[in-house]
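Residue-level structure breakdown
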Amino acid sequence: LAGMAVAVREGRSWYLPFAHENRGGELVTDTPVRNLPSLREESMRSLRELLEDECVPKAGHALKRDSLTLRSVGVELAGMACATLPAAFVLDPGQRAYELGELLASKLHKRLSPMTDLTGTGKAACPFAEVTVSGAANTCCAETEAILRLMDHLDAQLEDAGARSLLDEIEI
């Protein structure tokens, strides 16, 4: 887990770096990367408790994947309220793509910079952990805030279609 973004509303998001590295190694720059301690550390207990609190609703694009990633670092994600990927599938199972960028473009007519703008492609690509923390923060916070906008849009459509309970049964 290189890092994670958390948003409470549009314009209020934070990026938490956990395992970023300097591209090319520590000798490449005079400025070491400043990461937070691992989520397993006692100093991160408050964040773990927030993520594991059933009463604090969480939204994401692919929450099951996110929950497995968090489980690998000792966090049992709870309070999963809305996952935009399966919500979009329930509303339109014949859609061509369910990637976040595609959904934002088709549902909200918004565009996000692709992750490859940050990581590169082909032989020039680097692992996400090697991108700058500021680049990761900008990209991930924009995605997280976009997920909140998309969640509001899809939630209204789920209610109108009477499909909320179906989504809850199959996904969350």
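1. What to know about the pattern of salt bridges
A complete count under the given rule lists 7 salt bridges for this structure. The salt bridge involving Arg149 is made with Glu10; its shortest N-O contact spans 3.2 Å. Within this pair, whereas Arg149 is found in helix 6 (residues 133–161), its partner Glu10 is found in the loop between strand 1 (3–9) and strand 2 (12–17), the two being separated by 139 residues in sequence. Given the relative accessible area of 25%, Arg149 is considered partly exposed.

2. Details of the nonpolar core
In this structure, Leu150 and Leu158 are the most contacted members of the largest nonpolar core, which totals 14 residues. With 5 residues, the top contributor of residues to this core is helix 6. Beyond its immediate chain neighbours, meaning those up to four positions away, Leu150 contacts Thr84, Leu100, Leu103, Leu104, Lys107 and Leu108. Counting 13 residues, the second largest nonpolar core, distinct from the first, contains Leu16, Leu51, Val75 and Leu77.

3. Quick notes on the packing of aromatic side chains
The geometry of an aromatic ring pair is captured by two quantities: the separation of the ring centres and the angle between the planes. Counted according to the given criterion, the structure contains 1 aromatic pair. Seen from their ring centres, Phe89 and Tyr98 are 5.7 Å apart, and the 65 degrees between their planes marks the pair as edge-to-face. Given a relative accessible area of 40%, Phe89 falls into the partly exposed group. Judged by its relative accessible area of 17%, Tyr98 is buried.

4. Some details on the pairing of strand 1
In terms of strand pairing, strand 1 meets strand 2 through 6 bridges, oriented antiparallel. The residue bridging Val6 from the neighbouring strand is Trp14, located in strand 2. Counted between consecutive antiparallel strands, the loop separating strand 1 from strand 2 contains 2 residues, among which Gly11 sits at a positive phi close to 85 degrees.

5. Quick word on the side chain of Thr84
Topologically, Thr84 is positioned in helix 3 (residues 84–91). In contact with Thr84, not counting residues within four places along its chain, are Gly60, His61, Leu103, Ile147, Leu150, Met151 and Leu154.

Calculation notes
- Residues numbered from 1 in each chain as written.
- Predicted model: local features only at pLDDT ≥ 70, side-chain atom pairs only at ≥ 80, totals over all residues.
- Heavy atoms only, no water.
- Salt bridge = Lys/Arg side-chain N within 4 Å of Asp/Glu carboxyl O.
- Helix = DSSP H or I, 4+ residues; strand = E, 2+ residues; numbered from the N terminus.
- Buried < 20%, exposed > 50% of the residue type's maximum accessible area, 1.4 Å probe, protein only.
- Core = buried A, V, L, I, M, F, W, Y, C linked by side-chain atoms within 4.5 Å.
- Contact = heavy atoms within 4.5 Å.
- Phe/Tyr/Trp six-rings, centres within 6.5 Å; stacked < 30°, edge-to-face > 60°.
- Pairing = 2+ DSSP bridges.

That's the geometry; what it means functionally is another story.
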